[in-house]
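Commentary on secondary and tertiary structure
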Amino acid sequence: MNADIPTMFLMIVTASATLAIAVGSVAYRRNRDGLLFWAIALALYSVACALFGLRGQINDFVSIVV
């Protein structure tokens, strides 16, 4: 069985976005500032992986600089 690279990117983006939402909801309900930073970092990581996965399909400036 071969691993498909776009599918793996989709799994990474989905898992990190789900984890960011879960950590963000806990941080919001319990008012813990440190967890909010973790949630923001996970959300940015999922955006970065999504942009990296779209490389070649979108503008290079967007996929590299953003």
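The paragraphs below set out a description of the structure included in this document. (Residues numbered from 1 in each chain as written. Predicted model: local features only at pLDDT ≥ 70, side-chain atom pairs only at ≥ 80, totals over all residues. Heavy atoms only, no water.)

**Side note on the layout of surface pockets**
In this model, the largest pocket occupies a volume close to 180 Å³. What lines the largest pocket is Ile5, Pro6, Phe9, Leu10, Val13, Cys49, Ala50, Gly53, Leu54, Arg55 and Gln57. Counting residues per element, the ones that place at least two in the lining of the largest pocket are α1 (5–30) and α2 (33–53). Looking at which element gives the most residues to the lining of the largest pocket, the answer is α1, with five residues. For the lining of the largest pocket, the class distribution of residues is eight nonpolar, two polar and one charged. (1 Å grid on protein atoms, 1.4 Å probe; cavity = no way out; pocket = protein on both sides within 12 Å on 5 of 7 lines; lining within 4 Å. Points joined across faces, edges and corners; volume = space filled by probe spheres on them. Helix = DSSP H or I, 4+ residues; strand = E, 2+ residues; numbered from the N terminus. Nonpolar A, V, L, I, M, F, W, Y, C, P; charged D, E, K, R; others polar.)

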